[in-house]
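As a plain string of letters, each chain reads:
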Amino acid sequence: MGFRCGIVGLPNVGKSTLFNALTRAGVQAENYPFCTIDPNVGMVEVPDQRLHKIAEFVQPSRVIPAAMEFVDIAGLVSGASRGEGLGNRFLAHIREVDAIAHVVRAFADPDVSHVANQIDPLSDIATVDTELALADLETVERALDKSLKGSKAGDKAQLQMARLLERVQARLDSGTPVRSMALAQMERAALTPLCLLTAKPVLYVSNVDEQDLQGAAGSNVAAVQAHAHDFGDELVLVSARIEQEIAMLDHKERGVFLNDLGLAESGLDRVIRAGYTLLGLRTFFTAETKEARAWTIKAGMTASIAAGVIHTDFERGFIRAETIAYDDFVELGGEQGARDAGRLRLEGRDYVVNDGDIMHFRFNV
């Protein structure tokens, strides 16, 4: 299990350059609007040093990291909700993703044009947010009309839905995204079929100059930071140009390059980690001589459901999960050391999997 993250933003903010760096796919990244028309899709390995540490003990034939999917979606312009630019196609592509990575331009470069001829990240964010909210308002108004008709016929469920939609409509009218609303779990579930754009979690990726990465963040970056904080969204600073350079280096060269820049890790690694946090994802591992592998699950998933991520037979015939915490595995020298020290636990189907658990599932079908 991974997740599908759509990279969105105005034209020429660095979306495709970031996508190229993430996937090394070499898609177009030209200096004109709508270079990306059909979305480019790429699978990206999730960086996790724990997996490589586990492999040192197990010495498997192959090591398979977790993966996530990124989608490079065409640049949006004002009026997209009314069909301007690539309007409807753009919005349809966003509906299909689980989360939004909103790339915002905070760098100045006279050689790279800006669709509004000025660097104003908050204005750029407002343009995108307005178009998404207008599209959601249209969706909500249609659904509300349907629910009101049903409620007049005495359908209590439709009456309850109408009241929920009226609240959502009011918040959208005030310029507030649905994701920031205080909604009960059942209410969020009721809204899920509408695929509301502003309900999707957002990660802001501020595309910055090199000096902004090294602690001298300017006013443009500070403005995006404040905006993200106000809505409880995630924010990562990257320089898409630098990330593209890093992507062309081998592992050793990459380390030297990052060290010269005074960075502990690449911006892309931070984007992926922030994406994990954004969707509440967790990682568990399986480790055998044939294969060491990282698996992605949602926080709160039980052992039996996690087993089903590997294979449906594992969940259907679940007996127990032999489980070792990552820290115990490393500290005690692997599975045998953990077993000898009594740190290997037998967990039942209702055990909630912890991030980093190393698991071996017993099942019978």
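Reading the values: the criteria
Residues numbered from 1 in each chain as written. Predicted model: local features only at pLDDT ≥ 70, side-chain atom pairs only at ≥ 80, totals over all residues. Heavy atoms only, no water. Helix = DSSP H or I, 4+ residues; strand = E, 2+ residues; numbered from the N terminus. Buried < 20%, exposed > 50% of the residue type's maximum accessible area, 1.4 Å probe, protein only. Contact = heavy atoms within 4.5 Å. Areas by Shrake-Rupley, 256 points an atom, 1.4 Å probe, with all protein chains shown as cover. Pairing = 2+ DSSP bridges. Axes fitted to C-alpha atoms, helices over the stretch in contact; angles between N-to-C directions. Parallel < 35°, antiparallel > 145°, perpendicular 65-115°, else oblique. Left-handed = near helix turned anticlockwise from the far one by under 90°. Nonpolar A, V, L, I, M, F, W, Y, C, P; charged D, E, K, R; others polar. Core = buried A, V, L, I, M, F, W, Y, C linked by side-chain atoms within 4.5 Å. Phe/Tyr/Trp six-rings, centres within 6.5 Å; stacked < 30°, edge-to-face > 60°. Lys NZ or Arg CZ within 6 Å of the ring centre and 35° of its normal.

Next up on the list: the overall build of the chain. Along the chain, the regular secondary structure elements total 15 helices and 12 strands. Taking all 365 residues of the chain together, the buried fraction comes to 49%. Counted over contacts in the chain with a minimum sequence separation of 6, partners at least 24 positions apart contribute 69%. Carbon and sulfur atoms form 49% of the exposed surface of the chain, whose accessible area is close to 17600 Å².

Moving on, we come to the environment of Asp-173. Within the secondary structure, Asp-173 sits in helix H5 (residues 156–173). Taking the C-alpha atoms as reference points, Asp-173 and Ala-133, separated by 40 residues in sequence, lie 8.2 Å from one another.

This brings us to the pairing of strand S9 (residues 291–298). Counting buried positions along S9 gives six out of eight residues, so the element sits mostly inside the fold. One ladder, built from three bridges, connects strand S3 (residues 62–64) with S9; its direction is parallel. Directly across from Ile-64, in S9, lies its bridge partner Arg-293. Of the strand pairs in this sheet, strand S8 (residues 281–287) and S9 are connected by seven bridges, and their pairing is antiparallel. Within the sheet, the bridge partner assigned to Arg-282 lies in S9 and is Ile-297. Hairpin connection of S8 to S9: three residues between the antiparallel strands.

Moving on, we come to the pairing of strand S6 (residues 202–207). In terms of burial, S6 is largely enclosed, as six of its six residues are buried. Alternating positions in S6 separate into two faces, Val-202, Tyr-204 and Ser-206 on one and Leu-203, Val-205 and Asn-207 on the other, with burial throughout. Two strands pair when backbone bridges link them, and strand S5 (residues 99–105) and S6 are joined in this way by six bridges, in the parallel orientation. Residue pairing in the sheet places Ala-101 in a bridge with Leu-203 of S6. Sheet topology note: the S6/strand S7 (residues 234–238) ladder contains five bridges and is parallel. Bridge assignment links Leu-203 to a residue of S7, and that residue is Glu-234.

Each packed pair of helices is defined by two parameters, the angle between the axes and the distance between the axes. For the pair helix H1 (residues 15–23) and helix H9 (residues 240–247), the least separation of the axes is 8 Å and the interaxial angle reads 25 degrees. Taken together, the axes of H1 and H9 are roughly parallel relative to one another. With respect to the hand of their crossing, H1 and H9 are arranged in left-handed fashion. Touching Thr-17, Leu-18, Asn-20 and Ala-21 of H1 are Ala-240, Arg-241, Glu-243, Gln-244 and Ala-247, all from H9. The class makeup of the residues in the contact of H1 with H9 is four nonpolar, three polar and two charged.

Moving on to the nonpolar core. Buried together is how nonpolar side chains tend to be arranged in soluble globular proteins. Core analysis: the largest hydrophobic core is formed by 60 residues, its most contacted members being Phe-3, Leu-22, Ile-54, Phe-70, Ile-94 and Val-205. At six residues, the largest contribution of residues to this core is made by helix H11 (residues 267–278). Look past the residues within four positions of Phe-3 in its chain and what remains in contact with it is Met-68, Glu-69, Asp-98, Ala-99, Gly-275, Tyr-276, Leu-279 and Leu-281. Ranked by size, the runner-up nonpolar core spans 17 residues in total, among them Ala-133, Leu-165, Met-181 and Leu-196.

A few words now on the packing of aromatic side chains. Each aromatic ring pair is summarised here by two numbers: the centre-to-centre distance and the angle between the ring planes. Under the definition given, this model contains five aromatic pairs. With a centroid separation of 5.7 Å and an interplanar angle of 85 degrees, the aromatic rings of Phe-57 and Phe-329 are classed as edge-to-face. A residue pair is termed long-range when its members are at least 10 positions apart, and Phe-57 in helix H2 (residues 49–58) and Phe-329 in helix H14 (residues 326–331) qualify at 272 residues. Phe-57 sits in the partly exposed class, given a relative accessible area of 34%. By relative accessible area, Phe-329 is classed as buried at 3%. Where Phe-284 meets Phe-361, the ring centres are 6.0 Å apart and the plane angle is 90 degrees; that geometry is what we call edge-to-face. Pair noted here: Phe-284 is in strand S8 and Phe-361 is in strand S12 (residues 358–363), with a separation of 77 residues, a long-range link. Both residues of the pair, Phe-284 and Phe-361, belong to the buried class. When the ring centre of Trp-295 is taken as reference, the NZ or CZ atom of Arg-293 above it lies at 4.1 Å.

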